[in-house]
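Listed below are the residues making up each chain.
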Amino acid sequence: MTDLAISTVHHPGFSVLLLSGELDVLSRPDLEQLLDRLREGGHHRVIVDVAALTFCDAAGLRLMLLSTRRFFGAGGWFRLRGVCRGVERLSQILRLQTQVVADAPFTYVLAYGREGTAVDPAA
């Protein structure tokens, strides 16, 4: 099985998930279950720090896109922090409709189906 370590830190108004290891078709269910629990538990603003990922395949990227839709749909937002060029390139290769918008150094927002700007996590 693929190793994926996930640490969660809750702040007032948002939660941060720190990922390390490999996010792929084998490890995706663990992250998806955690994201579902957070959303169902009322945590609708989530930052996922992917800077320490050593690998992310299309299944991992798809989960990020689905999570964007789910969190926006719940009235919150979903952000990626520390996106590497490989993940950006994979999204270009797959011709994804969702747009990766730079907010501040090393912080990105997946804007679901529209142009958008990031929301301050403290807001």
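Cut-offs applied
Residues numbered from 1 in each chain as written. Predicted model: local features only at pLDDT ≥ 70, side-chain atom pairs only at ≥ 80, totals over all residues. Heavy atoms only, no water. Helix = DSSP H or I, 4+ residues; strand = E, 2+ residues; numbered from the N terminus. Contact = heavy atoms within 4.5 Å. Phe/Tyr/Trp six-rings, centres within 6.5 Å; stacked < 30°, edge-to-face > 60°. Lys NZ or Arg CZ within 6 Å of the ring centre and 35° of its normal. Expected span 1.5 Å × (residues − 1). Buried < 20%, exposed > 50% of the residue type's maximum accessible area, 1.4 Å probe, protein only. Arc of directions from axis to C-beta. pLDDT = per-residue confidence, 0-100.

Looking at this structure, I do not really get the side chain of Arg28. What am I missing?
In this structure, Arg28 sits in helix 1 (residues 28-40). Once residues within four sequence positions are removed from consideration, Arg28 is found in contact with Leu23, Ala59, Arg62, Leu63 and Leu66.

What's the story with the packing of aromatic side chains in this structure? I'm lost.
Here a ring pair, both rings aromatic, is described through the centre-centre distance and the interplanar angle of the planes. Per the stated rule, a full pass over the model turns up one aromatic pair. Both rings, one in Phe71 and one in Phe78, keep their centres 5.6 Å apart while their planes meet at 25 degrees; by these two values the pair is stacked. Between Arg39 and the ring centre of Phe71, over which it is positioned, the NZ or CZ distance is 5.8 Å. Arg79 extends its terminal NZ or CZ atom over the ring of Trp77, reaching a point 5.1 Å from the ring centre.

Help me understand helix 1 in this model?
Note on helix geometry: an α-helix contains 3.6 residues per turn, so any two residues three or four positions apart are oriented the same way. Here helix 1 is 13 residues long and its end C-alpha atoms lie 18 Å apart, about the 18 Å a rise of 1.5 Å per residue gives. When we look at burial in helix 1, the residues that qualify are Arg28, Leu31, Glu32, Leu34, Leu35, Leu38 and Arg39. Here the buried residues of helix 1 occupy an arc of 165 degrees about the axis, which is enough to place them on one side. Opposite the buried face of helix 1, by more than 90 degrees, sit the exposed residues Arg37 and Glu40. Gly42 sits one or two positions beyond helix 1 and adopts a positive phi of about 90 degrees.

Help me understand the confidence of the model for the protein chain in this model?
Should the pLDDT be low somewhere, the predicted coordinates at that spot are not to be read in detail. Confidence in the prediction for the protein chain averages 77 pLDDT; 66% of positions are at 70 or higher. Averaged pLDDT values over the elements of the protein chain bottom out at 42 in strand 5 (residues 99-104) and peak at 96 in helix 1. Considering only residues more than four positions removed or in separate chains, one finds that residues 97-123, a stretch of pLDDT under 50, has 56 contacts.

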